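Architecture at a glance
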Amino acid sequence: MSPARRPRLEVLVTDREQAVARLHQLAGARPALRSAFQPAWQHIASGADPADLEAWASGILDLANVNAGPGCLVAAWQISVTLQPRLGLVALGDVVRAAAELCRRAGSRAAQAGLNACPTVAARLHGAGEMLQWWRSLHHLAQTAPESVALVASNVAAILEPAGLGGWQSFLSAGLKLGGTDRARRLAFFGLEDEAARRMLARLGETVDFQHVERGLKLFLTALWANPPALRIAPHGMPGSGGVGPGGWPRRTSLAGRIVLMPEVYRGVSPETARLLFRAAAAHASAHVALGAGRFPVGQLKPLQLALVGLIEDARIEALAMARFPGLRRLWAPFHTAAATGAATAPGLLARLARALFDPTYVDTDAFVVKGRALFAEHAGRLDDPAMSRRVGNLLGNDLGQQRLQFNARTYVVEPAYRDDGLGLWDFTDPPAERADQIEVVVDAMRPQPQAGEAPPRGEPERDPLAGGRAREAASDGRGVVVATYPEWDRAGNVERPAWTTLRDVPPPLGDAARIDALLAARPDLRQRIARLVRGARLGLPARLRRQIDGPDLDLDALLEAAIAMRRGEPPDERIHRDTVRLARDLSVSILLDCSQSTGERVAGYGAGPPVTVLDVQRQAVALLAEATAPTGDPLALRAFASCGRDDVRLFRLKEFSEPWGAPAKARRAGLQPGLSTRLGAALRHAGAELAAARTHRRLILVLTDGEASDIDVADPLDLVEDTRRVSRQLKARGIDVFGVTLDPCGTGAGAAMFGAGNCMKVTRLDDLPARLAELYFRLARR
Amino acid sequence: MNLSPFRIAAEPYYRPVGNEVSIFEAAYRDRLPVMLKGPTGCGKTRFVEHMAWKLGRPLITVAAHEDMTAADLAGRYLLSQDGTVWHDGPLTLAVRGGAICYLDEIVEARQDTTVVIHPLTDGRRMLPLEKRNELLAAHPDFQLVISYNPGYQSAVKDLKESTKQRFIAIDFTYPEPEIEAEIVMREAGTEAGLAETLVDIAGRSRNLRGAGLNEGASTRMLIHAARLVGAGVGLEQAARASIVLPITDDAEMREALTAAIAACV
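In this report, the structure presented in the accompanying data block is examined. Being a predicted model, the structure only gives us computed values, none of them experimental.

Let us look at the overall build of chain A. Along its length, chain A carries 29 helices and 16 strands. Burial analysis of chain A (783 residues in total) assigns 51% to the buried set. Working note: accessible area of chain A is about 34,500 Å², and carbon and sulfur atoms make up 53% of it.

So, in structure tokens, the structure goes:
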């Protein structure tokens with residue numbers, strides 16, 4: 001080997017086979033690194049396989065080669081030391097290489113944050129495979145939101161804890177979708193400062209959340225008490241006596257008058273336990289409302305005394321409740337887990353006393369617990385008197401005070417978990433300002449707001465499990481009256497995101513009604529054909545016809561009479577059959593028009609004359625249909641929609657169900673212009689909600705669209721297609737038929753995917769519409 | 001005319017809840033038609049049986065259904081070997097023989113059917129049989145009783161105003177808990193504790209009426225549950241089999257009801 005060829009050889013070899021040596025060189029050359037490298041190396045190298053060491057070192061070199069900086073290298077060594085036993089050196093090499101890749105995409109700060117998060121990630125996930133998937137998700141994030149990587153990596157514990165890897169990935173993609181191009185919004189989301197991010201985290205947890213159990217709890221409490229308190233989700237970050245967990249999550253129920261504020265989730269419990277816990281908590285809180293008596297004045301009581309009086313009051317209420325419903329004991333008992341062991345701390349003793357007062361078989365020799373039990377037993381004859389709670393609580397408070405036990409009201413959490421935070425018992429003459437505000441907010445939220453253009457709302461609608469999501473009222477701003485918010489299906493995350501889209505009622509621009517009349521007048525032949533078809537379709541309740549010439553059944557009465565007539569020698573009546581027909585028309589139709597930008601496209605090959613757009617075809621088709629249905633008396637509503645992001649889905653009311661098809665409706669119809677995008681799911685949910693109130697036998701939503709679902713904040717149109725498909729199915733389950741009529745010039749639309757192959761028809765020429773309508777009506781009549 | 005198969009031999013058990021017995025007796029004295037209103041399974045049919053026994057009249061019961069025609073009530077010609085023979089319907093039988101005719105769930109019948117009873121329920125007290133060309137005057141002992149559950153039928157199915165206004169109405173509801181427990185004990189032959197628990201359970205389900213249930217658990221359901229318990233089934237299982245499962249198919253409702261039942265036990 002000649003000296004002249006050596007450098008070239010060295011380059012070839014070092015990358016693959018002498019990474020360890022190169023690493024030593026690198027670390028040795030810089031004093032700042034040396035001091036950190038030496039101890040780490042000794043730890044890692046002892047007893048390690050040389051080949052593994054090479055693989056690991058080459059990963060570290062990759063990191064060094066992207067100029068990650070000493071901070072990253074030191075972090076890489078540290079996690080190597082910590083995670084070596086768990087992952088092995090080869091996998092750690094891959095991890096460091098992934099950090100190098102991240103550094104390339106999002107900078108060294110992001111890479112370092114990722115490396116620092118590794119111990120947490122390793123503790124939550126299984127093995128190197130999931131760890132590397134986690135890194136890949138960061139790479140993906142770095143492509144569109146490099147600024148957020150470091151932030152989200154530093155929050156890894158808060159996200160991975162409830163959500164796991166799948167949840168983590170859903171969380172990232174949700175953040176990207178929600179933030180869109182808004183950098184500040186993304187930072188707020190990934191920094192967990194955004195309300196939507198926190199709500200999403202709560203839902204991602206594998207536990208059962210309040211929305212899953214809400215209806216069941218309501219029914220359960222109604223069964224118990226006939227007139228139960230209202231249940232609401234506790235607002236985030238509501239201050240209370242230690243009822244708030246890390247991150248501001250309420251951990252206990254809270255009473256506010258006749259409202260029970262429930263935690264959105266109970267963390268760290270299995271779904272089955274969470275269901276029981278929700279039920280136990282609701283039973284406890286409702287017992288307070290049903291059996292308790294007003295609030296106690298706070299006076300000069302100290303926090304410990306407040307907690308003790310609350311505890312005795314809980315025991316008193318539960319004793320009363322169990323006298324009424326003995327089975328509640330079995331519901332509550334599993335949560336009393338305090339044991340008569342360990343150091344005597346104030347919270348520990350309180351939990352033990354709670355158990356002692358609840359569970360007669362529980363043995364506890366602590367003097368305080370024994371005294372508490374004795375005092376409670378002494379007053380057992382006066383369970384109906386709330387003053388006894390106060391008296392016993394005060395007596396016990398003095399005892400505990402003399403033991404000089406630390407009691408921190410800020411960190412105290414009422415045990416067992418199903419009990420309320422105790423604040424609802426007290427009449428704070430000078431309530432903590434924030435809390436008073438919160439209660440007002442909650443009470444305000446319950447107040448029904450009249451919807452624009454709607455009859456005054458009735459009571460709160462029952463939650464329908466099949467409903468296409470519940471409409472939630474939302475505040476209004478300058479972009480039109482907010483009518484409702486609707487959930488949307490997240491295809492990737494496989495969850496329904498509540499209150500994801502905001503529907504706004506926008507007054508439609510007015511056009512020239514004469515234009516619609518001219519459109520109609522231009523096609524007299526079509527008008528007649530469609531009108532005949534619509535009138536001919538027999539929809540409605542079946543009716544029996546007796547004494548028919550023909551039919552599937554014999555009419556017994558007619559038969560007998562015929563036989564009698566024959567015996568009398570008279571000519572018999574031949575009408576001896578029975579038949580069933582659908583006679584009455586009983587149909588409501590809501591027509592939903594897509595007026596997004598894409599409906600401005602021209603329709604190829606549509607006769608001679610000026611260019612015709614999809615919207616023009618729609619305009620003509622709807623005018624024909626509306627005119628044809630007018631004489632049948634079928635209630636028909638016309639709605640148009642367009643969207644500009646999920647918080648701006650615009651709905652134009654062109655015609656109400658009861659409104660005649662006259663000049664005002666025609667003018668609104670004529671004024672519609674193509675623009676914006678197509679968020680079909682939200683519009684469909686709203687049309688479904690409106691139609692659900694119709695009292696007809698058959699209810700139909702006709703969607704006229706170009707079959708291209710899209711919106712500016714949705715990267716993958718398939719998301720909206722899936723969402724629409726889900727709504728169609730939900731509406732179908734509620735007895736509302738959804739038919740998609742796709743006016744599809746290019747034939748690329750996803751009509752079948754959205755509405756189902758049988759519930760969708762493609763119309764490319766207006767001349768096809770009568771035939772298509774015939775199909776539609778006959779299909780309806782058959783069912 | 002032999003109406004003896006329609007006579008009730010032994011006294012049917014009926015526990016009066018209010019003044020229904022005296023009102024019925026007063027109505028019968030003047031042969032006023034009576035309408036029994038109330039939820040299913042609260043004792044309307046049993047009450048009629050009891051009153052028929054008490055008044056010593058035969059009882060002819062017709063369960064109305066939506067295919068029922070006027071001929072099904074009044075009668076029709078049937079074919080026989082040598083021609084046709086008229087066959088009285090149950091209503092005609094009662095009118096001729098002086099029985100109490102009980103039309104159960106009258107709204108189930110179509111409205112054009114129910115008008116048959118109109119001439120019987122006013123001062124005329126007669127039944128026109130147009131096929132026979134006969135105007136049948138009611139037997140002096142004849143009385144018409146109908147039952148009607150306003151709750152569960154839809155608004156479509158309601159009695160005509162002209163039908164409604166011909167009747168004395170007696171409203172039935174579920175009895176007071178103590179009385180209902182007594183009835184359950186007596187009918188199912190169980191002890192008081194069980195009957196009281198079952199009545200409490202029924203109260204839970206009746207709270208849900210209109211909140212997801214069309215009707216709460218009826219007294220009849222409680223008697224069934226008590227009989228299951230008597231046959232050795234556990235109380236919660238018996239309640240599930242005889243109350244929760246029959247009353248609803250809604251999974252959440254079942255779960256809530258089961259939880260509420262567990263709280264009572």
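Let us now look at the overall build of chain B. Secondary structure assignment for chain B yields 11 helices and 9 strands. Split into buried and exposed, the 265 residues of chain B put 52% on the buried side. Residue pairs at least 24 apart in sequence account for 71% of intrachain contacts in chain B once pairs closer than 6 positions are excluded. By element, 51% of the accessible surface of chain B is carried by carbon and sulfur atoms, the whole surface being about 11,700 Å².

Residues and elements named next belong to chain A. For the structure shown, the criterion picks out 4 cavities of 30 Å³ or more. Here the largest cavity is characterised by a volume of approximately 130 Å³. Lining of the largest cavity is provided by 15 residues; of these, Lys-177, Glu-488, Arg-497, Trp-500 and Arg-679 occupy positions nearest its centre. Of all the secondary-structure elements, those providing two or more residues to the lining of the largest cavity are α10 (156-179), β6 (481-490), β7 (495-505) and α27 (717-733). For the lining of the largest cavity, the per-class residue count stands at 5 nonpolar, no polar and 10 charged.

Residues Trp-56, Leu-63, Trp-77, Trp-134, Trp-135, Trp-168 and Phe-171 of chain A are the most contacted members of the largest nonpolar core, which totals 74 residues. Core analysis: the next-biggest nonpolar cluster, separate from the first, contains 69 residues, Ala-223, Trp-225 and Tyr-418 of chain A together with Leu-257 of chain B among them.

This brings us to the sheet that holds strand β1 (residues 230-233) of chain A. Residue and element names in this part refer to chain A. Ordered in space as β1-β3-β2, the 3 strands form an open sheet in which the pairing is mixed. Bordering the open sheet on either side are β1 and β2 (254-256), each of which pairs with just one other strand. In this sheet, adjacent strand axes meet at a mean angle of 30° when their direction is disregarded. Of the pairings in the sheet, the one linking β1 to strand β3 (residues 259-262) comprises 4 bridges and is parallel in character.

So, on to the packing of helix α7 (residues 108-124) of chain A against helix α9 (residues 146-154) of chain A. When two helices pack together, their arrangement is given by the angle between the helix axes and the distance between those axes. Residue and element names in this part refer to chain A. One way to put it is that α7 packs onto α9 with a least axis distance of 8 Å and a crossing angle of 15°. Taken together, α7 and α9 sit at an angle that is classed as roughly parallel. By crossing handedness, the relation of α7 to α9 is classed as left-handed. Here Arg-109, Ala-110, Ala-113, Gly-114 and Ala-117 of α7 come into contact with α9, specifically with Val-149, Ala-150 and Ala-153. Each residue belonging to the contact of α7 with α9 can be placed in one class, and the counts come to 6 nonpolar, 1 polar and 1 charged.

A few words on the interface of chain A and chain B. Across the contact, 29 residues belong to chain A and 31 residues belong to chain B. Contact with chain B buries surface across chain A, with Leu-219, Ala-223 and Arg-544 of chain A losing the most and accounting together for 20% of the total. Glu-252 of chain B serves as the salt-bridge partner of Arg-215 of chain A, at 2.8 Å between the closest nitrogen and oxygen. Run the count over chain A and chain B and you get 14 residue pairs in polar contact (both at pLDDT 80 or more). At the level of elements, α13 (210-225), α14 (271-291), α16 (328-332), β8 (542-548) and α23 (556-568) of chain A are the ones that each hand at least two residues to the side of chain A that touches chain B. Tallying contributions element by element places α13 of chain A first for the side of chain A that touches chain B, with 9 residues. Residue composition of the side of chain A that touches chain B, grouped by class: 13 nonpolar, 4 polar and 12 charged.

Now for a negative patch on the surface. All names here are of chain B. Together, Glu-176, Glu-178, Glu-191 and Glu-196 make up a negatively charged patch on the protein surface. Among the secondary structure elements, Glu-178 is positioned in helix α7 (residues 177-188). Its relative accessible area of 58% is what places Glu-178 among the exposed residues.

We now examine the packing of aromatic side chains. All names here are of chain A. Throughout the structure, instances matching the rule amount to 18 aromatic pairs over all chains. Aromatic side chains Phe-296 and Trp-426 sit 5.5 Å apart centroid to centroid with 50° between the ring planes, which places their arrangement in the tilted category. Of this pair, Phe-296 sits in strand β4 (residues 296-297) while Trp-426 sits in strand β5 (residues 426-427), and the two are 130 residues apart along the sequence. Each member of the pair, Phe-296 together with Trp-426, is buried. On the basis of an interplanar angle of 10° and a centroid distance of 5.7 Å, the ring pair of Trp-332 and Tyr-418 is categorised as stacked. Placement of the pair is Trp-332 in helix α16 and Tyr-418 in the loop between α19 (387-402) and β5, with a sequence separation of 86 residues. Like Trp-332, the residue Tyr-418 is buried in the burial classification. Cluster of aromatic residues (ring-pair linked, three or more members): Phe-37, Trp-41, Trp-56 and Trp-77. Across from the ring centre of Trp-500, 4.3 Å away, lies the NZ or CZ of Arg-497, which sits over that ring.

On to the sheet that holds strand β11 (residues 587-594) of chain A. All names here are of chain A. Judged by pairing direction, the sheet is mixed, and its 8 strands sit side by side in the order β6-β7-β13-β12-β11-β14-β15-β16 without closing on themselves. The two strands at the open ends of the sheet, each matched to only one other strand, are β6 and β16 (760-763). Sheet twist, expressed as the average angle between the axes of neighbouring strands with direction ignored, equals 25°. In this sheet, strand β14 (residues 698-705) lies alongside β11 in parallel orientation, the contact comprising 7 bridges. From the neighbouring strand, Leu-587 faces β14, where its bridge partner is Arg-698. Packing against the sheet, helix α24 (residues 614-629) makes contact with β11, β12 (636-643), β14 and β15 (736-743), and its axis sits at approximately 165° to β11.

Take the side chain of Thr-222 of chain A next. In this structure, Thr-222 of chain A sits in helix α13. The buried category is assigned to Thr-222 of chain A, whose relative accessible area is 11%. Contact partners of Thr-222 of chain A, with chain neighbours within four places excluded, come to Pro-228 of chain A together with Asn-207, Leu-208 and Ala-211 of chain B.

Quick look at the pairing of strand β6 (residues 126-129) of chain B now. All names here are of chain B. Of the two faces of β6, the one lined by Leu-127 and Leu-129 is fully buried and the one lined by Met-126 and Pro-128 carries no buried residue. Where β6 and strand β7 (residues 134-137) come together, 4 bridges link them in antiparallel fashion. Of the residues in β7, the one forming a bridge with Leu-127 is Leu-136. Connecting the antiparallel pair β6 and β7 is a turn made up of 4 residues, with Asn-133 showing a positive phi of about 60°.

On to helix α18 (residues 367-378) of chain A, then. Residue and element names in this part refer to chain A. Spanning 12 residues, α18 covers 16 Å between terminal C-alpha atoms, matching the ideal 16 Å at 1.5 Å per step. For α18, the set of buried residues is Phe-368, Val-369, Gly-372, Leu-375 and Phe-376. One face of α18 carries all of its buried residues, which in axial projection span an arc of 130°. Seen from the open side of α18, the exposed residues pointing more than 90 degrees away from its buried face are Ala-367, Ala-377 and Glu-378. Its side-chain oxygen at 2.8 Å from the backbone nitrogen of Phe-368, Asp-366 defines the N-terminal cap of α18.

Residues and elements named next belong to chain B. Remark: helix α9 (residues 219-230) packs on helix α10 (residues 235-247), axes separated minimally by 8 Å, with the N-to-C direction vectors making an angle of 150°. Considering the relative orientation of α9 and α10, their crossing is right-handed. Residues Met-221, Leu-222, His-224, Ala-225, Leu-228 and Val-229 of α9 form the contact with α10, whose participating residues are Leu-235, Ala-238, Ala-241, Ser-242, Ile-243, Pro-246 and Ile-247. Of the residues in the contact of α9 with α10, the class split is 11 nonpolar, 2 polar and no charged.

Calculation rules
- Sequence positions are assigned chain by chain, starting from 1 and proceeding in written order.
- Whichever chain is written first becomes A and whichever ligand is written first becomes 1, with later ones labelled in order.
- Reporting of local features is limited, given that this is a predicted model, to residues whose pLDDT is at least 70; pairs of side-chain atoms are given and counted only at 80 or more, and all residues count toward the totals for whole chains, interfaces and linings.
- Hydrogens and water are ignored here; the side-chain numbers use all heavy atoms of the structure.
- Helix numbers and strand numbers start at the N terminus; a helix is a DSSP run of H or I with at least 4 residues, a strand a run of E with at least 2.
- To sort residues, take the accessible area from a 1.4 Å probe on protein chains only and compare it with the maximum for the residue type: under 20% means buried, over 50% means exposed, and anything in between is partly exposed.
- Methods summary: accessible areas were calculated by the Shrake-Rupley approach with a probe of 1.4 Å, and residue burial reflects only the protein chains presented.
- The contact criterion used throughout is that any non-hydrogen atoms of two residues lie within 4.5 Å.
- Put simply, the grid is 1 Å and covers the protein atoms alone, a cavity is a trapped set of points that fit a 1.4 Å probe, a pocket is an open set with protein on both sides within 12 Å along at least five of seven lines, and lining residues have an atom within 4 Å of a point.
- Grid points are joined across faces, edges and corners, and a volume is the space filled by probe spheres set on the points.
- In the scheme used here, Gly and all other residues not listed as nonpolar or charged are polar, with Ala, Val, Leu, Ile, Met, Phe, Trp, Tyr, Cys and Pro taken as nonpolar and Asp, Glu, Lys and Arg as charged.
- Put simply, buried Ala, Val, Leu, Ile, Met, Phe, Trp, Tyr and Cys residues joined by side-chain atoms within 4.5 Å make one nonpolar core.
- Pairing between two strands is assigned when DSSP locates at least 2 bridges connecting them.
- Lines are fitted to the C-alpha atoms to define the axes, a helix being fitted only along its stretch in contact, and any angle between axes, read from their N-to-C directions, falls within 0 to 180 degrees.
- In what follows, roughly perpendicular refers to angles from 65 to 115 degrees, roughly parallel to angles under 35, roughly antiparallel to angles over 145, and oblique to any angle outside these ranges.
- Here is the rule for handedness: rotate from the far helix to the near one, and if that takes an anticlockwise turn smaller than a right angle the crossing is left-handed, while a clockwise turn gives right-handed.
- The term buried area denotes the loss of accessible surface (1.4 Å probe radius) that occurs when two parts are joined, taken as the sum for both partners.
- Here a salt bridge means any side-chain nitrogen of Lys or Arg lying within 4 Å of a carboxyl oxygen belonging to Asp or Glu.
- Side-chain atoms alone can form a polar contact between residues adjacent in sequence; in general such a contact is a pair of N or O atoms within 3.5 Å, and within protein one must be able to donate a hydrogen while the other accepts it.
- Each patch is built from salt-bridge-free residues with over 30% relative accessible area, joining like charges within 9 Å and nonpolar side chains (Val, Leu, Ile, Met, Phe, Trp, Tyr) within 5 Å.
- Charge assignment in this entry is limited to Lys and Arg as positive and Asp and Glu as negative, and neither His nor the chain termini are counted.
- A charged residue contributes its charge at one atom only: NZ of Lys, CZ of Arg, CG of Asp or CD of Glu.
- When two rings of Phe, Tyr or Trp (its six-membered ring) have centres within 6.5 Å they constitute a pair, described as stacked for plane angles under 30 degrees, edge-to-face for angles over 60, and tilted for the intermediate range.
- As a reminder, the over-ring test applies to NZ of lysine and CZ of arginine, requiring each to be within 6 Å of the ring centre and within 35 degrees of the ring normal.
- By this rule the span expected of a helix is its residue count minus one, scaled by 1.5 Å.
- It is the directions from the helix axis to the C-beta atoms whose arc is reported.

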